Amino acid sequence: MDILNKIQSNTGQLALLIDPEKTKNEEHLIELVRKAEFALIDFFFVGGSTVTRKEIETVVSGLKKHTSIPVVLFPGSGNQLSEHADALLFLNLISGRNPDFLSGHHVSCAEEVLEMNMEVIPTSYILIDGGKMTSVAYVSQTTPIPRENSSISLKTGIAGYLMGQKLTYFDAGSGALQSVPEKLISELKQKIDTPVIVGGGIRSIEQIEQFKQAGANVIVIGNKIEENMDFLLDIASYQKTSFRAD
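The structure presented is a predicted model; accordingly, all values stated were derived computationally and were not measured. Residue positions are counted from 1 within each chain, in the order its sequence is given. The model is predicted, so local features are restricted to residues of pLDDT at least 70 and side-chain atom pairs to those at 80 or more, both for listing and for counting; the totals for chains, interfaces and linings are taken over all residues. Heavy atoms from the whole structure form the basis of all side-chain values; hydrogens and water molecules are not counted.

## Examining the overall build of the protein chain
- Each helix and strand in the protein chain was counted, giving 10 helices and eight strands.
- Values of the radius of gyration come from C-alpha atoms, whereas the globule rule sets the reference at 2.2 Å times the count of residues to the power 0.38. The C-alpha atoms of the protein chain give 17 Å as radius of gyration, which agrees with the globular expectation for 246 residues (18 Å, within 12%).
- Expressed as a percentage of the 246 residues in the protein chain, the buried residues total 55%.
- For the protein chain, the proportion of contacts with a sequence separation of at least 24, taken over those separated by at least 6, is 73%.
- Per-residue and other accessible areas were derived by the Shrake-Rupley procedure at a 1.4 Å probe size, with only the shown protein chains allowed to occlude residues. For the protein chain, the accessible surface area stands at approximately 11200 Å², while carbon and sulfur atoms represent 50% of it. By definition, any uninterrupted DSSP run of H or I lasting at least four residues is a helix, any uninterrupted run of E lasting at least two residues is a strand, and each is numbered from the N terminus. Note on exposure labels: buried denotes an accessible area under 20% of the residue type's maximum, exposed denotes more than 50%, and partly exposed covers the range between, all computed with a 1.4 Å probe on protein chains only. We call two residues contacting when some pair of their heavy atoms lies within 4.5 Å.

In structure tokens:
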């Protein structure tokens, strides 16, 4: 399966972000999969700021066992790998200046990634201030771009594109109080032809629809599902209505 082509094929696709540290057991994972399938979720993203290799392997293997929904690695470090995943977002944290997240982690895992039978997608990863200190900002020791300064965010996205990145990922971080401004996605897409993923602080159907209208290819939901798995039932209703409207 060509994950990059699938991502860029449409707007308004949905990804469910699973943090292995918060996955209780296999029964919990199976319930999550069943509800995600009912909600017509397009991707599972797996990763976290402080997750171990073993935790990644356990969740990815469990997902591949119980669903055909594509599993994409969203790593917080160079050791968060699993050869069983369908693709890896090779994240370049270009909104920060920490060399470990610009190239250090990439060098440490490069040879292993090359030998894996997995699609690797070079991705511009851009942190936007979501109103609170998030795990990814703390662990990466980077300062998010101020939410109101869309000019810096826009230029950063363009720079990633010019450096050859295949995807642009705007993230307000797990548990953000505010999501990324919708207009940032539409403004970037007016400038360059790049698929856009957006995540962090997305907690309502209304936000999902707004990001879809702004042109986001993939909208990532994480904390909201951790707090209330039945939000996937609301997404299922939205998906049915959306498909009828389309």
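This is not the end of the story, as more comes after the structure.
## Focus on the sheet that holds strand 2 (residues 43-46)
- If DSSP finds at least two bridges between two strands, the strands pair. Pairing is parallel around the closed barrel formed by eight strands, whose spatial order is 1-2-3-4-5-6-7-8. On average, each strand axis in the sheet is tilted by 30° relative to the strand beside it, whichever way the strands run.
- Direction of pairing for strand 1 (residues 13-18) relative to strand 2: parallel, over a ladder of four bridges. Residue pairing in the sheet places I18 in a bridge with V46 of strand 2.
- To get an axis, fit a line to the C-alpha atoms, keeping to the stretch in contact for a helix; angles then go from 0 to 180 degrees between the N-to-C directions. Set on the sheet, helix 4 (residues 99-115) makes contact with strand 4 (87-93) and strand 5 (119-127); between it and strand 4 the angle comes to about 155°.

## Quick notes on helix 4
- Expected helix span is given by 1.5 Å per residue-to-residue step, counting one fewer step than there are residues. The end-to-end C-alpha distance of helix 4, which contains 17 residues, comes to 24 Å, matching closely the 24 Å that a straight helix rising 1.5 Å per residue would cover.
- The angle separating two fitted axes, one through the seven residues that finish at a residue and one through the seven that start at it, defines the bend at that residue. A bend of about 55° at C109 is the largest found in helix 4.
- Where helix 4 is concerned, the buried positions are F101, H106, C109 and V113.
- The inward-facing, buried residues of helix 4 contact strand 4, strand 5 and helix 5 (135-140).
- Polar contacts here mean pairs of N or O atoms no more than 3.5 Å apart (in protein, one a potential hydrogen donor and the other a potential acceptor; neighbouring residues in sequence count only if both atoms are side-chain atoms). The opening residue of helix 4, the one whose side-chain oxygen lies 3.0 Å from the backbone nitrogen of D100, is N98.

## Looking at the side chain of K35
- Here K35 shows up in helix 2 (residues 26-38).
- Only 2.6 Å separates the side chain of K35 from the side chain of D230, close enough to count as a polar contact.

## Side note on the pattern of salt bridges
- Salt bridge, as applied in this entry: a Lys or Arg side-chain nitrogen positioned within 4 Å of an Asp or Glu carboxyl oxygen. For the coordinates displayed, the defined rule picks out 10 salt bridges.
- The partner of K6 in a salt bridge is D42, and the shortest N-O contact between them spans 3.9 Å. Separated by 36 residues along the polypeptide, K6 in helix 1 (residues 3-8) and D42 in the loop between helix 2 and strand 2 bring together distant segments of the chain.
- We classify K6 as partly exposed; its relative accessible area is 25%.
- One salt bridge in this structure joins E37 and R34, with 3.3 Å as the shortest N-O distance. In this pair, E37 and R34 are both assigned in helix 2, three residues apart and thus about one turn of the helix distant.
- Judged by relative accessible area, which is 30%, E37 ranks as partly exposed.
- Salt bridges here are not isolated pairs; linked through shared partners, they connect E31, K35 and D230.

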